[in-house]
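Listed below are the residues making up each chain.
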Amino acid sequence: MRLFIRPDRSKWSSILQRPTRSTLDMMGVVDPIFVAVRERGDEALREFTLQFDGTQIDAIKIQPDELEASKSHVDEALKKALRTAAANIETFHRAQLVEEAAIETIPGVTCWRKNLPIEKVGLYVPGGSAPLVSSVLMLGIPARIAGCSEIALCTPPRSDGSIDPAILFAAKLVGVTNIFRVGGAQAVAALAYGTESVPAVYKICGPGNQYVNAAKLRASLEGVATDMPAGPTEVAIVVDESCPAEFVVYDALAQAEHGPDSHVVVVTFSEEYARSLTSKIDKAVDAIQRSDAARSALGGSVCVVLSTADDAIDLCNKYAPEHLILATRDAEDMAGKVRAAGSVFVGVMSPESAGDYASGTNHTLPTGGAARAYSGVSVDSFVNKVTFQRLSRDGIRNLGPTIMTLAEAEGLTAHAQAVSVRLEAVES
């Protein structure tokens, strides 16, 4: 990791630069994929799966017998862990179903808002070298709670063309049975346009690499909604000497092991502690299973020594991390000053891994600084919040003159007339 000792604020932006390609570059790669999928459907999906995943696939949709058979290929301990995680995620997300009260804004005028499920949604679950079984829970549970009637899940196949049984088991556990063995930008394109096998949807949710993230942006140009920019993963860790160094070492490596474009920012207050910490991280990386990916990610990551806790929070708010770990004596106080983050982990006993898997919060979070304006996946991601209003005779009488005055000020006379004829009817 690169080390910066009390850098001037003017240098923060360059220090915090994420190691990702520009969106314009990525769109240049993604666009031909979209064109091919739009024009050639399943044929293009099979070609891209062979090209990018090295896998020849025939049936794109997972059949019911494959789904049913998955449970016999999943370890009982993993089944138990998935059920526990699913229960916690269910509890946290079900609490988000809040019915709003109707409000009378003026006598005779009642307004209210109602959550209506998005009918057709697509879920993207990353696979490849690290099949994210947990993402099935994080996406499928809130979609089901929201009441979405059609849920399609796309995930990349393994080298033999099969889907990891744990992904299938998790999908069945949360009630998602419409599953397709296709990944990458081509999967997003399929969900956007629809093919012979994959249905078109109204919204696409889920994390992915830079190509998937760019594909979601490309899908939005076709009128398909997406949840947020959720590309290569990242973490900021604010730590002082009250936190055992080993905790921070593995918090950092937990993020780095996702892939070479992952990003880690460690912020601390002692140069001696920082040098010791980065040395320990660099040594520990060799012992983890995905050491090559993690080592590459650490090469683009940074450790920054600052003078005060306020400086640390200012830097983190500027970075707007997907994950923010506050492992300091005054973590609770620092948490109250957070203004931009996807999910915050408060205190030395709160690893980011908890949110990734089983605490109950969602791990599909905004990346690349998007946490300044985007929120993570929730039940809200799968509903439309539709407003309603009802005017009585008294309501149109009380509010009508205001509406007419405003409409006439804008030169929209038909707007005013729509009220005028009602007022005449009320008074007649």
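As a reminder, the structure under discussion sits directly above these lines.
These lines cover the structure that appears in this document, whether it is placed above or below. Predicted model only: the values in this text are computed from it and were never measured.

### A look at helix α8 (residues 184–193)
Alright, step 1. With 10 of 10 residues buried, α8 is to be regarded as a mostly interior element.
Alright, step 2. Among the residues of α8, G184, A185, Q186, A187, V188, A189, A190, L191, A192 and Y193 are the ones counted as buried.
Alright, step 3. Elements that come into contact with the buried residues of α8 comprise α2 (23–40), α3 (42–53), β4 (120–124), β5 (150–155), β7 (203–205) and α9 (210–220).
Alright, step 4. G194 sits one or two positions beyond α8 and adopts a positive phi of about 85 degrees.

### A few points about the pairing of β4
Alright, step 1. Where burial is concerned, most of β4 is hidden: four out of the five residues are buried.
Alright, step 2. Sheet topology places β4 next to β5; five bridges connect them, and they run parallel. Bridged to G122 within β5 is A152.
Alright, step 3. Across three bridges, the pairing between β4 and β7 is parallel.

### Things to note about the state of the cysteines
Alright, step 1. Considering all chains together, one arrives at zero disulfides under this definition.
Alright, step 2. Left unpaired, C316 is separated from the closest cysteine sulfur, that of C303, by 12 Å.
Alright, step 3. Of the residues examined, C316 reaches a relative accessible area of 1% and is grouped as buried.

### Section: the packing of aromatic side chains
Alright, step 1. The tally for this structure, following the rule as stated, stands at three aromatic pairs.
Alright, step 2. A ring pair is formed by F34 and Y193, whose centres lie 5.8 Å apart and whose planes are at 75 degrees; its orientation type is edge-to-face. In this pair, F34 sits in helix α2 while Y193 sits in helix α8, placing the two residues 159 residues apart along the sequence.
Alright, step 3. For the ring pair W112 and F388, a centre distance of 5.5 Å and an interplane angle of 5 degrees mean the geometry is stacked. Linking W112 in strand β3 (residues 109–117) with F388 in strand β14 (residues 383–391), this pair joins segments that are 276 residues apart in sequence.
Alright, step 4. Classification of F388 by relative accessible area gives partly exposed; the value is 28%.

### Quick look at the packing of α8 against α9
Alright, step 1. Closest axis-to-axis distance for the α8/α9 pair is 8 Å, and the angle between their directions is 20 degrees. One element, α8, and the other, α9, form an angle in the roughly parallel class. Note on packing geometry: the crossing formed by α8 with α9 is right-handed. Contacts from G184, A185, V188, A192 and Y193 of α8 reach α9 at Y211, V212, A215, K216, R218 and A219.
Alright, step 2. Counted by class, the contact of α8 with α9 contains eight nonpolar, one polar and two charged residues.

### Looking at the pattern of salt bridges
Alright, step 1. Counting across every chain of the model gives 24 salt bridges.
Alright, step 2. With its nearest N and O atoms 2.7 Å apart, the salt bridge here joins R144 to E90. With R144 in helix α6 (residues 133–146) and E90 in helix α5 (residues 76–94), this pair connects stretches of sequence that are 54 residues apart.
Alright, step 3. By relative accessible area, which is 34% here, R144 ends up partly exposed.

### Some details on the packing of α5 against α6
Alright, step 1. Contact geometry of α5 with α6 gives a least axis separation of 10 Å together with a crossing angle of 40 degrees. With respect to the hand of their crossing, α5 and α6 are arranged in right-handed fashion. Between α5 and α6, the contacting residues are L82, A85, A86, I89, E90, H93 and R94 on the first element and V133, L137, M138, I141, P142, R144 and I145 on the second.
Alright, step 2. Here the residues of the contact of α5 with α6 sort into 10 nonpolar, one polar and three charged.

### Section: the sheet that holds β3
Alright, step 1. Strand order in the open sheet formed by three strands is β2-β3-β14, and the pairing between neighbours is antiparallel. Either end of the sheet is taken by a strand with one partner, and the two such strands are β2 (103–106) and β14. Taking the axes of each pair of neighbouring strands and ignoring which way they run, one obtains an average angle of 30 degrees across the sheet.
Alright, step 2. With nine bridges joining them, β3 and β14 adopt antiparallel strand pairing. Directly across from R113, in β14, lies its bridge partner T387.
Alright, step 3. Packed on one face of the sheet, helix α16 (residues 393–409) meets β2, β3 and β14 and runs near 90 degrees to β14.

### A word on the side chain of D164
Alright, step 1. Structurally, the position occupied by D164 is in the loop between β5 and α7 (165–174).
Alright, step 2. No salt bridge is formed by the buried D164; the nearest opposite charge belongs to R158, separated by 4.3 Å.
Alright, step 3. Ignoring any residue separated from it by four or fewer positions in sequence, one finds D164 in contact with P131 and R158.

### Comments concerning the nonpolar core
Alright, step 1. Core analysis: the biggest nonpolar cluster contains 40 residues, and V121, L123, V136, L137, V176, I179 and F382 have the highest contact counts within it.
Alright, step 2. Listed by contribution, the elements that provide at least two residues to this core are α5, β4, α6, β5 and α7.
Alright, step 3. A per-element tally of this core places α6 first, with nine residues.
Alright, step 4. Sequence-distant contacts of V121, defined by excluding residues within four places in its chain, comprise A143, C148, E150, I151, A152, V201, K203 and F382.
Alright, step 5. Core analysis: the next-biggest nonpolar cluster, separate from the first, contains 33 residues, A44, L45, A190 and V224 among them.

### Brief notes about the sheet that holds β4
Alright, step 1. In space, the five strands of this open sheet follow the order β6-β5-β4-β7-β8, with parallel pairing throughout. Because the sheet does not close on itself, it has two edges, and the strands there are β6 (178–181) and β8 (225–226).
Alright, step 2. Pairing of β5 with β6 involves four bridges; the strand directions are parallel. Bridged to A152 within β6 is N178.
Alright, step 3. In the packing of α6 onto the sheet, contacts are made with β4, β5 and β7, and the angle to β4 comes to roughly 165 degrees.

Rules behind the numbers
Residues numbered from 1 in each chain as written. Predicted model: local features only at pLDDT ≥ 70, side-chain atom pairs only at ≥ 80, totals over all residues. Heavy atoms only, no water. Buried < 20%, exposed > 50% of the residue type's maximum accessible area, 1.4 Å probe, protein only. Helix = DSSP H or I, 4+ residues; strand = E, 2+ residues; numbered from the N terminus. Contact = heavy atoms within 4.5 Å. Pairing = 2+ DSSP bridges. Disulfide = S-S within 2.5 Å. Phe/Tyr/Trp six-rings, centres within 6.5 Å; stacked < 30°, edge-to-face > 60°. Axes fitted to C-alpha atoms, helices over the stretch in contact; angles between N-to-C directions. Parallel < 35°, antiparallel > 145°, perpendicular 65-115°, else oblique. Left-handed = near helix turned anticlockwise from the far one by under 90°. Nonpolar A, V, L, I, M, F, W, Y, C, P; charged D, E, K, R; others polar. Salt bridge = Lys/Arg side-chain N within 4 Å of Asp/Glu carboxyl O. Lys, Arg positive; Asp, Glu negative; His and termini not counted. Core = buried A, V, L, I, M, F, W, Y, C linked by side-chain atoms within 4.5 Å.

Coordinates in, geometry out; function isn't part of it.
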